[in-house]
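# Commentary on secondary and tertiary structure
Read off the chains here:
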Amino acid sequence: MIGQLAIWLGVATGVFLLSLLLTGWLRRYALHRGLLDTPNARSSHIQVTPRGGGLGFVLVYLGLMLLVGVYPLPGLDPLPPLFWALLPGAGLVALIGFIDDHRDLSAKLRILVHLLAASWAVWVLEIPPVQILDGSVTEGWWLYLLGVLALVWLLNLYNFMDGIDGIASLEAICVLLGASLILLINQGDPNQVAWLLFLAAAVTGFLVWNWPPAKIFMGDVASGFLGFSLGVFALYTAWGEAISIWSWIILLGLFVVDASWTLLMRMSRGEAWYKPHAQHAYQIQARQVQAMFRAQGVESNQSRALAHRRVVMRGVLINLLWLTPLAWCASHWPGMGFGFTILGLAPLVLDVWRSGAGREDRA
């Protein structure tokens, strides 16, 4: 076991360093190619910033998975179903995101590719049993349709929620570490834990560059990849008894609630849900905190960075102190998973409502 842990620690360290170095190179590439995010009225930043840096951890993680699939390491299983769901599916999502980062693609084309990738993943992994009020829902074509739509929504909402420095990276790290902890406590498959931690290490390498004030942004290439990968991990790991789908929904609650509430509010007014905006709760909260700092005489760049740090760290605390413990409860008492999900998400719904998320006057 000690030898296995040493291998995992070495791999995680290597993944972190490679992601860190590759992100730095991608920053120079983005500056050279003019891949820049220019501030506008909806932006949460005020300086021109390179984008697409998340490609670094995408390449490192998928490269590691491919390497282990061809040359297995002692004590590290490539996990064939996960391998076949992630490499083609997440790779396709990352590719369409990479192209979109370089030139704008139509929303219809992006959604078509997302549906294709999600359908592939659901076909490879199938839908695990979902317990509702002590009963299991295990059959029905509608479950597969729901799984595909959920994956597509998750990868898109992750793109929507990547709007201030560090937020998408830290959310992914919190979710991955939370799921790993639950699997460890419940004696789940150690190899599943390893692959979750490797992705967390890769994202952490990028976070060094994305920490407020960000030196580079993630880009669609990586935000969609993260949302899709987290959904695939949820489907794959929920086939065991160590963690449930409800646990994953709770862990992802911060992003799911904010993005879903804002989407519903915008759709209720007949707005195009896919168009850029600044009506998410986290964006509103960041502007409010920044206004507070500026009222205290803090200059614009510093006040923005401080506001982003406060909002993302608030999210970390919510994940660690509220959502992760409830996610463990949902896995320990699977028959009560739906109830724990409602308990975990209800305060988040109240928070985004009080923030005015999705309202035109808060844009």
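This write-up is about the structure you can find in this document.

Cut-offs used in this document
Residues numbered from 1 in each chain as written. Predicted model: local features only at pLDDT ≥ 70, side-chain atom pairs only at ≥ 80, totals over all residues. Heavy atoms only, no water. Helix = DSSP H or I, 4+ residues; strand = E, 2+ residues; numbered from the N terminus. Rg over C-alpha atoms; globule rule 2.2 N^0.38 Å. Buried < 20%, exposed > 50% of the residue type's maximum accessible area, 1.4 Å probe, protein only. Contact = heavy atoms within 4.5 Å. Areas by Shrake-Rupley, 256 points an atom, 1.4 Å probe, with all protein chains shown as cover. Expected span 1.5 Å × (residues − 1). Phe/Tyr/Trp six-rings, centres within 6.5 Å; stacked < 30°, edge-to-face > 60°.

Along its length, the chain carries 13 helices and 4 strands. The C-alpha atoms of the chain give a radius of gyration of 20 Å, which matches the 21 Å a tight globule of 363 residues would have. Principal axes of the C-alpha set define a box for the chain whose edges measure 55 × 45 × 40 Å. By the burial criterion, 52% of the 363 residues in the chain qualify as buried. Taking the intrachain contacts of the chain between residues at least 6 apart in sequence as the baseline, contacts between residues at least 24 apart amount to 76%. Counting every atom, the chain has about 16300 Å² of accessible surface; 67% of that belongs to carbon and sulfur.

Further remarks concern helix H11 (residues 281-295). Under the 1.5 Å per step criterion, the end-to-end length of H11 is 21 Å for 15 residues, consistent within 8% with the ideal 21 Å. Against helix H5 (141-160), helix H6 (167-185), helix H10 (253-268), helix H12 (300-332) and helix H13 (337-355) lie the buried residues of H11. Positive phi appears at Gly297, one or two residues downstream of H11, with a value of about 95°.

What follows is about the packing of aromatic side chains. Each aromatic ring pair is summarised here by two numbers: the centre-to-centre distance and the angle between the ring planes. Using the criterion set out here, one finds 12 aromatic pairs in the structure. Between Phe57 and Phe225 the ring centres are 6.4 Å apart and the planes differ by 55°, which places this aromatic pair in the tilted class. Within this pair, whereas Phe57 is found in helix H2 (residues 55-70), its partner Phe225 is found in helix H8 (residues 220-237), the two being separated by 168 residues in sequence. Phe225 shares its class with Phe57; the two are buried. The rings of Phe57, Phe206 and Phe225 are connected pair by pair, giving a single aromatic cluster.

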